[in-house]
Amino acid sequence: MASGGLHVTPLGDALGAEVCGLDFSKPLTSHERDFLRRAWTDHLVIVARGAQELSADAQIDFCKTFGEIGGRARPVEARHEPAGAPADVMYVSNKRVGGRIIGSIPDGEMEFHIDQSYTERPARGTSLYAIEVPDEGGDTMFGNLYLAYESLPDDLRRAVEGRGALNVYGHGGYGIQSRSANDMGAATRKHVHPIVCTHPDSGRKTLFVNRLMTASVEGLPPDESDDLLFRLFDHQEQEAFRYTHKWRQSDLLLWDNRCTVHARTDFDPSKTRHLRRFSIQGHVMN
Ligand SMILES: [Fe+2]
């Protein structure tokens with residue numbers, strides 16, 4: 001797609017596109033915002049490369065193209081951002097100042113998930129800006145949940161039709177250690193979403209579960225629930241539905257959190273990985 005000096009280059013067959021020709025040195029124009037919304041709806045993940053030294057304010061302006069900036073992305077007790085950091089910012093970072101980590105989810109790999117899926121209104125989208133990244137590792141992998149739904153085998157499609165699933169914030173770390181319903185019942189941050197949701201912009205159906213936070217299928221015994229969920233996770237995470245983003249410094253990326261899952265690959269913990277994140281307020285999924 002080309003529009004004036006603006007154009008979109010797909011980054012693979014499944015999802016993801018680079019958006020080119022934007023000028024981040026001044027507020028985005030309505031023409032640029034229309035272009036960005038269209039590219040986001042069409043490609044689910046958009047990347048602007050080389051937006052040099054993008055300020056937090058410019059990143060917020062970019063995010064406002066798509067909705068209102070969300071509240072703090074994580075529970076307050078999990079927040080490590082230093083005093084004076086912009087409101088609503090989260091640093092996805094292992095950077096240390098005076099020996100203290102200044103961000104969240106600092107090191108290691110992370111399973112596929114949907115941000116804030118344990119809340120009633122998960123983020124509409126999430127934006128990351130790469131301030132400092134390692135030469136290798138720490139990639140972000142994305143999966144297309146439209147393709148995952150549309151390619152479901154008939155038996156799985158029938159199994160999820162009309163069902164809800166419980167999504168839980170994992171205590172004692174970001175991950176869920178056990179999928180047993182008893183453990184999940186005690187968690188305070190949890191929400192049931194339909195397994196199949198309809199995206200309000202595209203009208204397409206999305207397979208709205210994820211390995212990190214979806215704990216159980218409503219109305220099924222634990223064994224059946226686990227079997228069904230693991231089949232859904234394996235299906236939605238397959239290579240054919242993925243785009244893997246290898247970060248470069250100054251990359252600005254935004255994903256649609258309603259129709260994608262994302263995960264992080266491991267990286268050398270002695271290397272700095274420092275990204276600035278803002279999320280966009282979501283809505284009830286149905
Ligand atoms: Fe995430």
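Conventions we followed
Residues numbered from 1 in each chain as written. Predicted model: local features only at pLDDT ≥ 70, side-chain atom pairs only at ≥ 80, totals over all residues. Heavy atoms only, no water. Phe/Tyr/Trp six-rings, centres within 6.5 Å; stacked < 30°, edge-to-face > 60°. Buried < 20%, exposed > 50% of the residue type's maximum accessible area, 1.4 Å probe, protein only. Lys NZ or Arg CZ within 6 Å of the ring centre and 35° of its normal. Salt bridge = Lys/Arg side-chain N within 4 Å of Asp/Glu carboxyl O. Helix = DSSP H or I, 4+ residues; strand = E, 2+ residues; numbered from the N terminus. Donors = N, O, S within 2.8 Å, 3.2 Å for Na, K, Ca; no water. Pairing = 2+ DSSP bridges.

**Q** Would you explain the packing of aromatic side chains in this entry?
**A** In this description, an aromatic ring pair is defined by two values, namely the gap between the centres and the angle between the planes. The tally for this structure, following the rule as stated, stands at 6 aromatic pairs. With a centroid separation of 5.5 Å and 65 degrees between ring planes, the pair formed by Phe62 and Phe66 is classed as edge-to-face. For Phe66, a relative accessible area of 7% puts it in the buried group. Ring-pair connections join several aromatic residues into one group, and the members of that group are Phe24, Trp40, Phe62 and Phe66. Lying over the aromatic face of Phe267, Arg273 brings its terminal NZ or CZ to 5.6 Å of the ring centre.

**Q** Hey, could you run me through the pattern of salt bridges in this one?
**A** Two side chains of opposite charge can pair, provided their charged atoms sit close to one another. Tallying each qualifying case throughout the model produces 16 salt bridges. Arg38 is paired through a salt bridge with Asp42; the nearest N and O atoms lie 3.0 Å apart. With Arg38 and Asp42 both in helix H1 (residues 30–43), this residue pair falls 4 residues apart, about one helical turn. You can call Arg38 partly exposed: its relative accessible area is 48%. Judged by its relative accessible area of 39%, Asp42 falls in the partly exposed class. Two residues, Asp256 and Arg258, come together in a salt bridge whose shortest N-O distance is 3.0 Å. Neither Asp256 nor Arg258 differs from the other in exposure class; each is buried.

**Q** Any chance you could explain the coordination of the iron ion here in plain terms?
**A** Four donors placed tetrahedrally around a metal ideally meet at 109.5 degrees, and six donors placed octahedrally ideally meet at 90 or 180 degrees. Donor atoms from the polypeptide that coordinate the iron ion comprise His113 (NE2), Asp115 (OD) and His262 (NE2), at 2.1 to 2.2 Å from the metal. Positions of the donor residues of the iron ion, expressed as sequence spacing, correspond to H-x1-D-x146-H. Linking Asp115 in the loop between strand S8 (110–113) and strand S9 (125–132) with His262 in strand S18 (residues 260–264), this pair joins segments that are 147 residues apart in sequence. A single burial state applies to Asp115 and to His262, both of which are buried.

**Q** For this particular structure, what's the right way to read the pairing of S18?
**A** A regular strand places its side chains so that they alternate between the two faces of the sheet. The element S18 is extensively covered by neighbouring structure, given that 5 of its 5 residues are classed as buried. The alternating pattern of S18 places Thr260, His262 and Arg264 on one face and Val261 and Ala263 on the opposite face, and all of these are buried. As paired elements, strand S10 (residues 140–144) and S18 share 5 bridges and run antiparallel to each other. When the bridges of S18 are listed, Met141 appears paired with Ala263.

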